[in-house]
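# Architecture and fold: a report
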Amino acid sequence: MDNTGFRLLSKYGIAIPEYRVVKTPREAGEAARKIGFPVAMKILSPSALHKSDKEGVILEIGDRAGAEEACGALLRRFSGEKIEGVLVQRMGGGGAELIVGGKRDAQFGQLLMLGIGGIFVEIYKDVVFRVCPITKEDACQMISELKARKILEGARGRKPVDKEALASALVSVSKLLEKENPSEFDINPLIADEKGCVAVDVRILR
Amino acid sequence: MALSKKVKNLRAVFNPDSIAIIGASREPNKIGHVIVKNFVDGGFAGKIYPINPNAEEILGLPSYKSVLDIKGEVDSAVIAVPEQAVASVLEECGRKGIRGVVLITGGFSEVGKNEEEGKIAAIANKYGIALIGPNCMGVLTPASRVDSVFLPIYKLGRPRVGGISFISQSGAVGGCIVDLAARAGIGMGKFVSYGNAAVIDECDLLEYLANDEETEIIVIYLEGVKDGRRMLSLMREITKKKPVVVIKAGRSAAGAEAARSHTGSLAGASEAYRAAFKQANAIEAATLEQLFDFAKIFDQVLPRGNRVGIITNGGGMGVLATDSLEDEGLALAKLSDGTQKLMRLSLPPYANVRNPLDIIGDADSHRYEVAINAMMKDDNVDVILLIILFQTAAIDSSVVNIAIRASDQRKKPIVAVCTGGEYTEMHKRILESYGIPTYASPSSALRAAAKFVAYAEYYSKHNDTTCPKKIKTMK
């Protein structure tokens, strides 16, 4: 994993959390303070792609000391492997957790997927697909086809998510998929709330 | 849409004035015999030329050694010779100027002989021949009695003339559907089993049928497509003018286990197809039963909205229908004052005049007539769900005529539900043969009606629908 994913998302206008790439615990503490707490940290290492996400990621880091400690722990965990750095990123507040993905299909080309995210994504399978490119109208239809769309409409006292922003993000991902043509692609999770949506993690397989 | 030469030449396949049957046989159990017999017995009005190097006469028709021996022009040919002989007879077809060929013979790419199939395709393409097959079951045009389906008429029924054209990748599935359509009284414009699609593929057929005036509804059985993007863009254009109902076989998630991402594992083999059908506004059927449930409902005027008026002679069926309405996103029409007043006068005093309109178990044909006509005139009703339980003592066959006369007004669609055995089935067939779709349950009827209503809404965005009308063919 490296930060090319985030750079690519930025290029297509998909919002990403504020982040810094650091090399040492000291830098990590400083970066976290500038970004604002809580932060998450991820090891940037090509060999970490095949490891479980958990080993390479530490979430909910609340202060500077914690940030330095977490960075040190990650560097120790992956010592002996090629490490490009540690990514420090802002952790958002609570929003709806979505998954937005892509897949190259032999007959139809790039497919775009939108689904309700979370750890049970592959069990509930509340996902919808479209063939790229999609229009804004297609995007709105995708959102309305989710079985759990009520989550986006403000369930349990939450504010409804900004569907306009979500639809725009989907159109942007469709453009990215058409241009970059990856074999598989995941934004997981994409956190959506009333102010917009942010791609918290991305995985691109060429 | 500018059509390519081979697509234009499909006209020779579906509506030829003359046809050569290459591999015609005198042996009654041979495919080459059955095809000649189907053309003769079916009443094909054009010229029929049996081709067989060893026969003088087949079924009373003079036989020729080669198509090149025929004096006049020949539009089309059916080839049912052994695979080694295909290339040379096809070459002769090209030299004769034959524009359409149905190649029944198998033994090509389906058994790994891709090179041989490539040679056949090259010959057809050299002459611009619209070649269907190889390894296909044939073509049916009920209106002009073109019938190269190699299954005997007494074994496989042929449907009446109608507006539904059916493209099938599978010969077996296609044959069963033709047989079932014939039995149910459903009309067909064209049927084609396209086999290995060496020259003419599903997209070419879609393109042809989009422009075919005999085709009002296109139904497709698909296992896979060669060019998904072309299919999507074609379908997108066609559905603006004609409904396309599709069933995609092969939903297994093969390949998904090899995925490395969440998206990869969630995108099974059928997801791309389902997405494409949605984007093209095609109507996807989940089962073979649904395929015809959906297709046949389109053979009438488009509904102007989603408000359903229900007429029933059985209260329970009305309740079931109301439940299904909600499930399908349709609305229960609020009957107008005029309808309510009229029905109060016509129904027994204990009847409850509301929608569903229960005209009670002792309803006779006359009571149905009053109710149907009232709903036809009622501006609050867009679709009439006509439930007729034929088991009651009071009902008789004349209710069928009443329904057909009402449907013939072409003001709004009627969807019939008749649940029962042989006596009921007989009446359903009559209704179907006059274009009133019939269903065995309110749920299946309303599922189809929901597809119809959604399509009508989409259609009206692209077409002038100020007065309700049948779907017009694409020009």
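As the structure is a computational prediction, the values presented were derived from the model and not from experiment.

The rules we used
Residues numbered from 1 in each chain as written. Chains lettered and ligands numbered in written order. Predicted model: local features only at pLDDT ≥ 70, side-chain atom pairs only at ≥ 80, totals over all residues. Helix = DSSP H or I, 4+ residues; strand = E, 2+ residues; numbered from the N terminus. Rg over C-alpha atoms; globule rule 2.2 N^0.38 Å. Buried ≥ 20, exposed ≤ 12 C-beta atoms within 10 Å, placed from the backbone. Contact = placed C-beta atoms within 7 Å. Pairing = 2+ DSSP bridges. Axes fitted to C-alpha atoms, helices over the stretch in contact; angles between N-to-C directions. Domains from an automatic or database assignment. Nonpolar A, V, L, I, M, F, W, Y, C, P; charged D, E, K, R; others polar. Right-handed = clockwise from strand over helix to strand, strands pointing away. Core = buried A, V, L, I, M, F, W, Y, C linked by C-beta atoms within 7 Å. Arc of directions from axis to C-beta. Parallel < 35°, antiparallel > 145°, perpendicular 65-115°, else oblique. Left-handed = near helix turned anticlockwise from the far one by under 90°.

## Observations concerning the overall build of chain B
- Scanning chain B from terminus to terminus reveals 17 helices and 20 strands.
- Relative to a compact globule of 475 residues, whose C-alpha radius of gyration would be 23 Å, chain B shows 25 Å and is just as compact.
- Along the first, second and third principal axes, the C-alpha atoms of chain B reach 80 × 65 × 40 Å.
- Put simply, chain B has 475 residues, and 52% of those count as buried.
- For chain B, restricting intrachain contacts to residue pairs at least 6 apart in sequence, the fraction spanning at least 24 positions comes to 75%.

## Focus on the sheet that holds strand S7 (residues 130-132) of chain B
Residues and elements named next belong to chain B.
- Spatially, five strands are ordered S2-S1-S5-S6-S7 in an open sheet, and the strand pairing comes out parallel. If you trace the sheet from one side to the other, it starts and ends with strand S2 (47-51) and S7, each paired once. The mean angle between the axes of side-by-side strands here comes to 15 degrees, regardless of whether they run parallel or antiparallel.
- Seen against the sheet, helix H4 (residues 83-96) touches strand S1 (18-22), strand S5 (76-79) and strand S6 (100-103) and runs at an angle of roughly 175 degrees to S5.

## Structural notes on the domain arrangement of chain A
- Segmenting chain A into domains produces domain 1 (18-90) and domain 2 (96-205).
- One C-alpha centre belongs to domain 1 of chain A, the other to domain 2 of chain A; they are set 27 Å apart.

## Observations regarding the interface of chain B and chain A
- At the interface, 19 residues of chain B touch 25 residues of chain A.
- Counting residues per element, the ones that place at least two in the side of chain B that touches chain A are helix H8 (228-238), helix H9 (262-266) and helix H10 (271-279) of chain B.
- Looking at side-chain class alone, the side of chain B that touches chain A contains eight nonpolar, seven polar and four charged residues.

## Remarks on the domain arrangement of chain B
All names here are of chain B.
- By domain assignment, chain B separates into domain 1 (5-297) and domain 2 (307-462).
- Inter-centroid distance (C-alpha atoms) of domain 1 to domain 2 is 37 Å.
- Facing 12 residues of domain 1, the contacting portion of domain 2 comprises 14 residues.
- Broken down by element, the side of domain 1 that touches domain 2 gets its largest block of residues, four residues, from helix H11 (residues 288-297).
- For the side of domain 1 that touches domain 2, the residue count by class is six nonpolar, two polar and four charged.

## Describing the pairing of S6(B)
All names here are of chain B.
- Going residue by residue along S6, you find Gly100 and Val102 tucked away on one face and Val101 and Leu103 tucked away on the opposite face as well.
- Where S5 meets S6, four bridges bridge the pair, whose relative direction is parallel. In the sheet register, Val78 faces S6, and the bridge partner there is Val102.
- You can see the chain leave S5, run along H4 and come back into S6, and the turn it takes is right-handed.
- The pairing of S6 with S7 spans three bridges and is parallel. When the sheet's bridge partners are listed, Gly100 is paired in S7 with Ala130.
- Read from S6 through helix H5 (residues 114-127) to S7, the crossover connection turns out right-handed.

## Re the pairing of strand S15 (residues 307-312) of chain B
Residue and element names in this part refer to chain B.
- S15 sits mainly inside the fold: six of its six residues count as buried.
- Burial of S15 is two-sided: the residues Arg307, Gly309 and Ile311 facing one way and the residues Val308, Ile310 and Thr312 facing the other way are all buried.
- Relative to strand S18 (residues 383-387), S15 runs parallel, the two sharing five bridges. Bridging from a neighbouring strand, Thr312 pairs with Ile387 of S18.
- Pairing of S15 with strand S17 (residues 357-358), which is carried by two bridges, proceeds in the parallel orientation. The residue bridging Thr312 from the neighbouring strand is Asp358, located in S17.

## Things to note about unusual backbone geometry
- In the segment running from A:Phe37 into A:Pro38, the intervening peptide bond is cis, with an omega of -5 degrees.
- Mapped onto the secondary structure, A:Pro38 falls in the loop between helix H2 (25-35) and strand S2 (39-44).
- The omega torsion across A:Asn188 and A:Pro189 is 5 degrees, close enough to zero to call that bond cis.
- Along the polypeptide, A:Pro189 turns up in strand S8 (residues 184-193).
- Despite not being glycine, A:Asn181 shows a phi value in the positive range, around 50 degrees.
- Its location among the elements puts A:Asn181 in the loop between helix H7 (163-180) and S8.
- Accessibility expressed as a C-beta count within 10 Å gives 14 for A:Asn181, which makes it partly exposed.
- Its identity as a non-glycine residue notwithstanding, B:Leu59 has a phi of 50 degrees, on the positive side.

## What to know about the environment of B:Leu131
Residue and element names in this part refer to chain B.
- With respect to the secondary-structure elements, Leu131 resides in strand S7.
- For the pair formed by Leu131 and Gly112, sequence separation is 19 residues and the distance between their alpha carbons is 20 Å.
- Those residues in contact with Leu131 that lie beyond four places of it in its chain are Val101, Leu103, Ala124, Ala198, Val199 and Ile200.

## Structural notes on the nonpolar core
- The biggest cluster of nonpolar side chains holds 197 residues, and the ones touching the most others in it are A:Leu170, B:Ile79 and B:Ala449.
- In terms of residues, this core owes the most to one element, helix H17 (residues 442-462) of chain B, which gives nine residues.
- In contact with A:Leu170, other than residues within four places in its own chain, are A:Val100, A:Leu112, A:Leu114, A:Ile134, A:Ala139 and A:Met142.
- One finds A:Ala28, A:Ala32, A:Met41 and A:Ala67 within the second-largest nonpolar core, a separate group that totals 18 residues.

## Considering helix H6 (residues 136-145) of chain A
- Within the span of H6(A), buried status applies to A:Asp138, A:Ala139, A:Met142 and A:Ile143. Along the axis of H6(A), the buried positions cluster into a sector of 140 degrees, meaning they face one direction only. Facing away from the buried side of H6(A), by more than 90 degrees, are the exposed residues A:Glu137 and A:Ser144.
- Summarising the contacts, the buried residues of H6(A) are in contact with strand S6 (109-116), strand S7 (127-131) and H7 of chain A together with H10 of chain B.

## What about the packing of helix H7 (residues 202-210) of chain B against H8(B)?
Residue and element names in this part refer to chain B.
- For the pair H7 and H8, the least separation of the axes is 10 Å and the interaxial angle reads 15 degrees. Relative to H8, the element H7 is oriented roughly parallel. In this structure, the crossing between H7 and H8 has a hand that is left-handed. On H8, the residues that touch Glu202, Cys203, Leu206, Glu207 and Ala210 of H7 are Arg230, Met231, Leu234, Met235 and Ile238.
- Residue composition of the contact of H7 with H8, by class: seven nonpolar, no polar and three charged.

## What to know about the environment of B:Gln409
- Secondary-structure assignment places B:Gln409 in the loop between helix H15 (398-408) and strand S19 (414-417).
- Separated by 33 residues in sequence, B:Gln409 and B:Met376 have C-alpha atoms that sit 8.9 Å apart.

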